[in-house]
Amino acid sequence: MALNKELWLQTIQEQLFKNDEFLNVVGLDHSSYVDNRTVHIPQAGSNPTISKNLTVFPAPVGSRTDADLTYNVDLFYSQPIRVGIDETQYLSYDKRSSVLSSHLKKMRNVIGNNTLYTWGGGVPSTSIIRTSGTATAKALAPSATGTRKDATLEDFFTANSILDMQDLNPADARYAIIPANMYWALINDSNIKKALEWGSSPVAPSGKVPMISGITLLKRSTVTVWDNTSTPVIKTVDDEGTPSSPATSDNLGILIVSESYVSKALGNIEVYTEDKNPTYYGDIMSVVVAHGASKMRTAGEGIVALVQTA
(Lines give C-alpha, C1' and ligand atoms only; values in the text may rest on other atoms or scores of the structure.)
Protein backbone atom coordinates (compact mmCIF):
# COMPACT_ATOMS: atom_id res chain seq x y z
CA MET A 1 0.00 0.00 0.00
CA ALA A 2 1.44 3.36 -1.01
CA LEU A 3 2.18 5.86 1.74
CA ASN A 4 -0.15 8.87 2.02
CA LYS A 5 2.42 11.59 2.77
CA GLU A 6 -0.20 14.30 3.25
CA LEU A 7 -1.86 12.23 5.97
CA TRP A 8 1.50 11.70 7.65
CA LEU A 9 2.38 15.39 7.57
CA GLN A 10 -0.97 16.29 9.11
CA THR A 11 -0.48 13.67 11.81
CA ILE A 12 3.02 14.95 12.57
CA GLN A 13 1.83 18.53 12.95
CA GLU A 14 -0.98 17.44 15.27
CA GLN A 15 1.15 15.20 17.46
CA LEU A 16 4.64 16.68 17.42
CA PHE A 17 4.22 18.63 20.67
CA LYS A 18 1.28 16.67 22.03
CA ASN A 19 3.05 15.41 25.14
CA ASP A 20 5.41 18.33 25.70
CA GLU A 21 2.99 20.82 27.19
CA PHE A 22 5.46 23.66 27.58
CA LEU A 23 6.09 23.79 23.81
CA ASN A 24 2.38 24.37 23.27
CA VAL A 25 1.90 27.20 25.75
CA VAL A 26 5.24 28.85 26.59
CA GLY A 27 6.94 31.42 24.39
CA LEU A 28 6.16 33.32 21.23
CA ASP A 29 5.44 31.18 18.18
CA HIS A 30 7.64 32.38 15.32
CA SER A 31 6.75 29.61 12.87
CA SER A 32 5.24 32.13 10.43
CA TYR A 33 8.53 34.07 10.37
CA VAL A 34 10.70 31.18 9.21
CA ASP A 35 12.47 32.10 5.97
CA ASN A 36 14.12 28.92 4.72
CA ARG A 37 16.14 28.08 7.86
CA THR A 38 16.25 31.50 9.54
CA VAL A 39 13.70 33.32 11.69
CA HIS A 40 13.56 37.08 11.16
CA ILE A 41 11.86 39.22 13.84
CA PRO A 42 11.79 43.03 13.61
CA GLN A 43 13.03 44.64 16.85
CA ALA A 44 12.06 48.20 17.79
CA GLY A 45 14.95 50.52 18.58
CA SER A 46 15.46 52.62 21.72
CA ASN A 47 12.67 54.71 23.23
CA PRO A 48 12.70 58.52 22.87
CA THR A 49 14.06 60.71 25.66
CA ILE A 50 11.56 62.65 27.78
CA SER A 51 12.06 66.30 28.73
CA LYS A 52 10.30 68.18 31.52
CA ASN A 53 9.06 71.76 31.01
CA LEU A 54 10.78 72.15 27.65
CA THR A 55 11.71 75.78 26.92
CA VAL A 56 13.92 75.54 23.83
CA PHE A 57 12.22 75.22 20.46
CA PRO A 58 12.40 73.68 17.99
CA ALA A 59 13.10 70.59 20.05
CA PRO A 60 16.04 68.46 18.90
CA VAL A 61 14.92 65.70 16.54
CA GLY A 62 16.25 62.22 17.09
CA SER A 63 15.92 58.98 15.15
CA ARG A 64 15.25 55.37 15.95
CA THR A 65 17.31 52.53 14.50
CA ASP A 66 15.39 49.27 14.38
CA ALA A 67 17.09 45.89 14.24
CA ASP A 68 16.39 42.44 12.88
CA LEU A 69 16.50 39.64 15.44
CA THR A 70 17.47 36.41 13.70
CA TYR A 71 18.04 32.86 14.78
CA ASN A 72 18.43 29.66 12.83
CA VAL A 73 16.23 26.60 12.97
CA ASP A 74 17.92 23.22 13.30
CA LEU A 75 17.14 20.15 11.25
CA PHE A 76 16.28 17.12 13.36
CA TYR A 77 16.65 13.80 11.52
CA SER A 78 15.02 10.59 12.68
CA GLN A 79 16.84 7.33 12.05
CA PRO A 80 15.46 5.58 8.93
CA ILE A 81 13.27 2.62 9.88
CA ARG A 82 12.57 -0.48 7.79
CA VAL A 83 9.06 -1.93 7.67
CA GLY A 84 9.52 -5.29 6.01
CA ILE A 85 7.32 -8.02 4.61
CA ASP A 86 8.87 -10.38 7.16
CA GLU A 87 7.46 -8.26 10.00
CA THR A 88 3.87 -7.91 8.83
CA GLN A 89 3.52 -10.43 5.99
CA TYR A 90 1.38 -7.86 4.27
CA LEU A 91 2.35 -4.24 4.74
CA SER A 92 -0.35 -2.45 6.73
CA TYR A 93 -1.02 1.14 7.65
CA ASP A 94 -1.15 0.09 11.33
CA LYS A 95 2.52 -0.89 11.18
CA ARG A 96 3.45 2.37 9.56
CA SER A 97 1.38 4.27 12.12
CA SER A 98 3.28 2.53 14.89
CA VAL A 99 6.61 3.44 13.31
CA LEU A 100 5.48 7.06 12.92
CA SER A 101 4.41 7.17 16.57
CA SER A 102 7.84 6.04 17.72
CA HIS A 103 9.53 8.65 15.49
CA LEU A 104 7.34 11.41 16.91
CA LYS A 105 7.75 10.36 20.53
CA LYS A 106 11.52 10.59 20.27
CA MET A 107 11.39 13.74 18.13
CA ARG A 108 9.19 15.51 20.69
CA ASN A 109 11.58 14.69 23.49
CA VAL A 110 14.69 15.77 21.58
CA ILE A 111 13.18 19.06 20.37
CA GLY A 112 11.93 19.78 23.89
CA ASN A 113 15.38 19.13 25.37
CA ASN A 114 17.12 21.37 22.84
CA THR A 115 14.59 24.16 23.35
CA LEU A 116 15.05 24.21 27.13
CA TYR A 117 18.86 24.26 26.93
CA THR A 118 18.67 27.08 24.37
CA TRP A 119 16.42 29.13 26.64
CA GLY A 120 18.51 28.40 29.73
CA GLY A 121 21.92 28.95 28.15
CA GLY A 122 23.49 32.31 28.90
CA VAL A 123 21.10 33.31 31.69
CA PRO A 124 22.92 36.09 33.60
CA SER A 125 24.24 35.31 37.07
CA THR A 126 21.80 37.81 38.57
CA SER A 127 18.95 35.63 37.29
CA ILE A 128 20.26 32.38 38.79
CA ILE A 129 19.04 31.48 42.27
CA ARG A 130 19.71 28.41 44.38
CA THR A 131 17.16 26.21 46.13
CA SER A 132 16.85 26.82 49.87
CA GLY A 133 14.78 23.94 51.23
CA THR A 134 15.57 20.73 53.08
CA ALA A 135 18.41 18.59 51.75
CA THR A 136 17.12 15.24 50.44
CA ALA A 137 18.04 12.63 47.85
CA LYS A 138 14.56 12.59 46.27
CA ALA A 139 15.45 14.68 43.22
CA LEU A 140 18.84 14.17 41.62
CA ALA A 141 20.35 14.66 38.18
CA PRO A 142 20.96 11.32 36.39
CA SER A 143 24.64 11.17 37.35
CA ALA A 144 24.41 12.98 40.70
CA THR A 145 25.03 11.51 44.13
CA GLY A 146 24.40 12.77 47.65
CA THR A 147 21.63 15.20 48.53
CA ARG A 148 20.24 18.44 47.15
CA LYS A 149 18.06 21.11 48.72
CA ASP A 150 14.43 21.15 47.65
CA ALA A 151 12.81 24.15 46.00
CA THR A 152 10.48 26.16 48.26
CA LEU A 153 7.68 28.69 48.04
CA GLU A 154 10.20 31.33 49.12
CA ASP A 155 12.37 30.49 46.09
CA PHE A 156 9.42 31.27 43.81
CA PHE A 157 8.92 34.59 45.59
CA THR A 158 12.57 35.39 44.84
CA ALA A 159 12.14 34.46 41.17
CA ASN A 160 9.10 36.73 40.90
CA SER A 161 11.05 39.57 42.50
CA ILE A 162 13.85 39.23 39.93
CA LEU A 163 11.38 39.27 37.04
CA ASP A 164 9.45 42.21 38.51
CA MET A 165 12.62 44.30 38.67
CA GLN A 166 13.18 43.78 34.92
CA ASP A 167 10.07 45.81 34.00
CA LEU A 168 8.68 43.03 31.84
CA ASN A 169 5.40 43.10 29.96
CA PRO A 170 2.87 43.24 32.83
CA ALA A 171 0.35 41.20 30.84
CA ASP A 172 2.73 38.25 30.50
CA ALA A 173 1.95 34.94 32.10
CA ARG A 174 4.84 33.27 33.93
CA TYR A 175 5.67 29.60 33.70
CA ALA A 176 7.98 27.26 35.58
CA ILE A 177 9.13 24.22 33.61
CA ILE A 178 10.03 21.85 36.43
CA PRO A 179 11.51 18.34 36.57
CA ALA A 180 8.92 15.84 37.82
CA ASN A 181 10.93 14.71 40.85
CA MET A 182 11.54 18.33 41.89
CA TYR A 183 7.82 19.05 41.50
CA TRP A 184 6.78 16.31 43.91
CA ALA A 185 9.47 17.38 46.38
CA LEU A 186 8.31 21.00 46.05
CA ILE A 187 4.75 20.34 47.20
CA ASN A 188 6.20 18.87 50.39
CA ASP A 189 7.18 22.44 51.37
CA SER A 190 5.31 23.18 54.60
CA ASN A 191 3.84 26.45 53.29
CA ILE A 192 2.45 24.72 50.22
CA LYS A 193 1.17 21.70 52.14
CA LYS A 194 -0.97 23.96 54.31
CA ALA A 195 -3.00 24.93 51.27
CA LEU A 196 -3.61 21.26 50.45
CA GLU A 197 -4.72 20.08 53.88
CA TRP A 198 -8.36 19.21 54.48
CA GLY A 199 -9.43 20.25 51.02
CA SER A 200 -8.70 23.93 51.60
CA SER A 201 -7.28 24.10 48.08
CA PRO A 202 -9.46 23.39 45.01
CA VAL A 203 -6.76 21.00 43.77
CA ALA A 204 -6.35 19.14 47.06
CA PRO A 205 -8.27 16.00 45.93
CA SER A 206 -5.76 15.43 43.11
CA GLY A 207 -2.74 16.45 45.19
CA LYS A 208 -1.52 18.59 42.30
CA VAL A 209 -0.46 22.22 42.48
CA PRO A 210 -0.99 23.99 39.13
CA MET A 211 0.33 27.40 40.20
CA ILE A 212 2.66 28.89 42.84
CA SER A 213 2.88 32.62 43.50
CA GLY A 214 1.23 33.36 40.17
CA ILE A 215 3.64 31.06 38.27
CA THR A 216 2.05 28.17 36.36
CA LEU A 217 3.88 24.88 36.91
CA LEU A 218 4.54 22.69 33.87
CA LYS A 219 5.95 19.31 34.84
CA ARG A 220 8.37 17.43 32.59
CA SER A 221 10.49 14.33 33.19
CA THR A 222 13.69 16.34 32.63
CA VAL A 223 14.39 20.04 32.19
CA THR A 224 17.99 21.24 32.54
CA VAL A 225 21.15 20.12 34.34
CA TRP A 226 23.76 22.53 35.74
CA ASP A 227 27.26 22.17 37.15
CA ASN A 228 28.09 22.93 40.78
CA THR A 229 30.36 25.94 40.39
CA SER A 230 29.74 29.03 42.51
CA THR A 231 27.85 30.56 39.60
CA PRO A 232 26.19 27.52 38.00
CA VAL A 233 26.70 26.92 34.30
CA ILE A 234 24.19 24.96 32.24
CA LYS A 235 25.64 21.71 30.91
CA THR A 236 26.68 21.21 27.30
CA VAL A 237 24.36 18.78 25.51
CA ASP A 238 24.63 16.42 22.56
CA ASP A 239 22.34 16.39 19.52
CA GLU A 240 19.53 14.79 21.51
CA GLY A 241 19.77 17.39 24.26
CA THR A 242 21.37 15.02 26.75
CA PRO A 243 24.20 16.39 28.97
CA SER A 244 27.43 15.17 27.41
CA SER A 245 29.70 15.45 30.47
CA PRO A 246 27.76 14.00 33.42
CA ALA A 247 29.23 14.46 36.91
CA THR A 248 28.27 13.34 40.40
CA SER A 249 28.07 17.01 41.44
CA ASP A 250 25.48 17.95 38.80
CA ASN A 251 22.32 19.80 39.82
CA LEU A 252 18.83 19.89 38.36
CA GLY A 253 17.36 23.23 37.34
CA ILE A 254 13.92 24.76 36.94
CA LEU A 255 13.36 27.39 34.23
CA ILE A 256 10.95 30.19 35.14
CA VAL A 257 10.07 32.32 32.12
CA SER A 258 7.87 35.24 31.17
CA GLU A 259 5.97 34.06 28.11
CA SER A 260 6.96 36.71 25.54
CA TYR A 261 10.69 36.62 26.35
CA VAL A 262 11.32 33.21 24.82
CA SER A 263 10.32 31.90 21.41
CA LYS A 264 10.18 28.81 19.26
CA ALA A 265 9.58 28.17 15.57
CA LEU A 266 8.46 25.11 13.66
CA GLY A 267 9.72 25.06 10.09
CA ASN A 268 9.39 22.44 7.38
CA ILE A 269 8.40 18.87 8.13
CA GLU A 270 9.48 16.26 5.61
CA VAL A 271 8.59 12.57 5.40
CA TYR A 272 10.99 10.46 3.35
CA THR A 273 9.96 7.03 2.11
CA GLU A 274 11.10 4.43 -0.34
CA ASP A 275 8.47 1.81 -1.05
CA LYS A 276 9.39 -1.82 -1.75
CA ASN A 277 13.15 -1.43 -1.57
CA PRO A 278 14.56 -4.55 -3.27
CA THR A 279 17.57 -4.72 -0.95
CA TYR A 280 15.69 -4.41 2.34
CA TYR A 281 12.56 -6.28 1.16
CA GLY A 282 10.32 -3.63 2.61
CA ASP A 283 9.71 0.07 2.95
CA ILE A 284 12.18 2.59 4.41
CA MET A 285 10.88 5.71 6.13
CA SER A 286 12.27 8.64 8.08
CA VAL A 287 11.25 12.12 9.20
CA VAL A 288 13.06 15.48 9.18
CA VAL A 289 11.71 18.37 11.28
CA ALA A 290 13.01 21.95 11.24
CA HIS A 291 12.69 23.59 14.65
CA GLY A 292 14.41 26.42 16.45
CA ALA A 293 14.19 28.35 19.70
CA SER A 294 15.65 31.55 21.11
CA LYS A 295 15.66 34.00 23.98
CA MET A 296 14.01 37.26 22.95
CA ARG A 297 16.53 39.50 24.71
CA THR A 298 20.29 39.13 24.39
CA ALA A 299 20.72 40.05 28.07
CA GLY A 300 18.40 37.21 29.09
CA GLU A 301 15.57 39.25 30.59
CA GLY A 302 12.44 37.30 31.37
CA ILE A 303 14.21 34.07 32.34
CA VAL A 304 15.20 32.86 35.81
CA ALA A 305 17.01 29.60 36.54
CA LEU A 306 16.30 27.98 39.93
CA VAL A 307 19.20 25.56 40.45
CA GLN A 308 19.59 23.00 43.21
CA THR A 309 21.95 23.59 46.11
CA ALA A 310 24.17 20.67 47.09
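First, a word on what this report is: a plain description of the structure on this page. (Residues numbered from 1 in each chain as written. Predicted model: local features only at pLDDT ≥ 70, side-chain atom pairs only at ≥ 80, totals over all residues. Heavy atoms only, no water.)

**Remarks on the overall build of the protein**
Line of reasoning, step 1. Along its length, the protein carries seven helices and 17 strands.
Line of reasoning, step 2. Taking the intrachain contacts of the protein between residues at least 6 apart in sequence as the baseline, contacts between residues at least 24 apart amount to 79%. (Helix = DSSP H or I, 4+ residues; strand = E, 2+ residues; numbered from the N terminus. Contact = heavy atoms within 4.5 Å.)

**Some words on the sheet that holds strand S2 (residues 34–35)**
Line of reasoning, step 1. A sheet is described by the order of its strands in space; here three strands give the open sequence S2-S3-S4, paired in antiparallel fashion. If you trace the sheet from one side to the other, it starts and ends with S2 and strand S4 (67–72), each paired once.
Line of reasoning, step 2. The pairing of strand S3 (residues 38–43) with S4 spans six bridges and is classified as antiparallel. Bridging across to S4, Ile 41 finds its partner in Leu 69. (Pairing = 2+ DSSP bridges.)

**Things to note about the nonpolar core**
Line of reasoning, step 1. Membership of the largest hydrophobic core comes to 59 residues, with the highest contact counts inside it found for Trp 119, Phe 156 and Ile 256.
Line of reasoning, step 2. If we ignore the near neighbours within four places in the chain, the residues touching Ile 256 are Phe 156, Ala 159, Leu 163, Tyr 175, Ala 176, Ile 215, Gly 302, Ile 303 and Val 304.
Line of reasoning, step 3. Residues Val 39, Val 73, Ala 265 and Ala 290 belong to the second largest nonpolar core, which totals eight residues. (Core = buried A, V, L, I, M, F, W, Y, C linked by side-chain atoms within 4.5 Å. Buried < 20%, exposed > 50% of the residue type's maximum accessible area, 1.4 Å probe, protein only.)

**Looking at the environment of Tyr 175**
Line of reasoning, step 1. Tracing the backbone through its elements, the reader meets Tyr 175 in strand S10 (residues 174–179).
Line of reasoning, step 2. Sequence separation between Tyr 175 and Ile 212 is 37 residues; the distance between their C-alpha atoms is 9.6 Å.
Line of reasoning, step 3. For Tyr 175, the residues in contact, after removing those within four places along its chain, are Val 25, Val 26, Ile 215, Thr 216, Leu 218, Leu 255, Ile 256, Val 257 and Glu 259.

**Regarding the packing of aromatic side chains**
Line of reasoning, step 1. For the structure shown, the criterion picks out two aromatic pairs.
Line of reasoning, step 2. Aromatic pair Phe 22 and Trp 119: ring centres 5.8 Å apart, planes at 80°, arrangement edge-to-face. Here Trp 119 lies in helix H4 (residues 93–120) and Phe 22 lies in helix H2 (residues 21–25), a separation of 97 residues in the sequence. You'll find Phe 22 and Trp 119 in the same group, each marked buried. (Phe/Tyr/Trp six-rings, centres within 6.5 Å; stacked < 30°, edge-to-face > 60°.)

**So, the pattern of salt bridges**
Line of reasoning, step 1. The full count for this structure, using the stated rule, is three salt bridges.
Line of reasoning, step 2. One salt bridge connects Lys 106 with Glu 240, and the closest N-O pair in it is separated by 3.1 Å. Note that Lys 106 is positioned in helix H4 and Glu 240 in the loop between strand S13 (224–226) and strand S14 (251–258), a separation of 134 residues in sequence.
Line of reasoning, step 3. A residue is classified by how much of its surface remains accessible, and Lys 106, at 41% relative accessible area, is partly exposed.
Line of reasoning, step 4. The partner of Asp 164 in a salt bridge is Arg 174, and the shortest N-O contact between them spans 2.8 Å. A residue pair is termed long-range when its members are at least 10 positions apart, and Asp 164 in helix H5 (residues 153–164) and Arg 174 in strand S10 qualify at 10 residues. (Salt bridge = Lys/Arg side-chain N within 4 Å of Asp/Glu carboxyl O.)

**A look at H5**
Line of reasoning, step 1. Over its 12 residues, H5 runs 17 Å from end to end, which matches the ideal 16 Å to within 8%, given 1.5 Å per residue.
Line of reasoning, step 2. Among the residues making up H5, those that are buried are Leu 153, Asp 155, Phe 156, Ala 159, Asn 160, Ile 162 and Leu 163. (Expected span 1.5 Å × (residues − 1).)

**Section: the side chain of Thr 224**
Line of reasoning, step 1. Within the element layout of this structure, Thr 224 appears in strand S13.
Line of reasoning, step 2. In this structure Thr 224 comes out as buried when scored by relative accessible area, which is 0%.
Line of reasoning, step 3. Engagement of the side chain of Thr 224 in a polar contact is seen with the side chain of Trp 226, the distance being 2.9 Å.
Line of reasoning, step 4. Excluding anything up to four places from it in sequence, Thr 224 contacts Leu 116, Tyr 117, Ile 234, Asn 251, Leu 252, Gly 253 and Leu 255. (Polar contact = N/O pair within 3.5 Å; in protein donor to acceptor, adjacent residues only side chain to side chain.)

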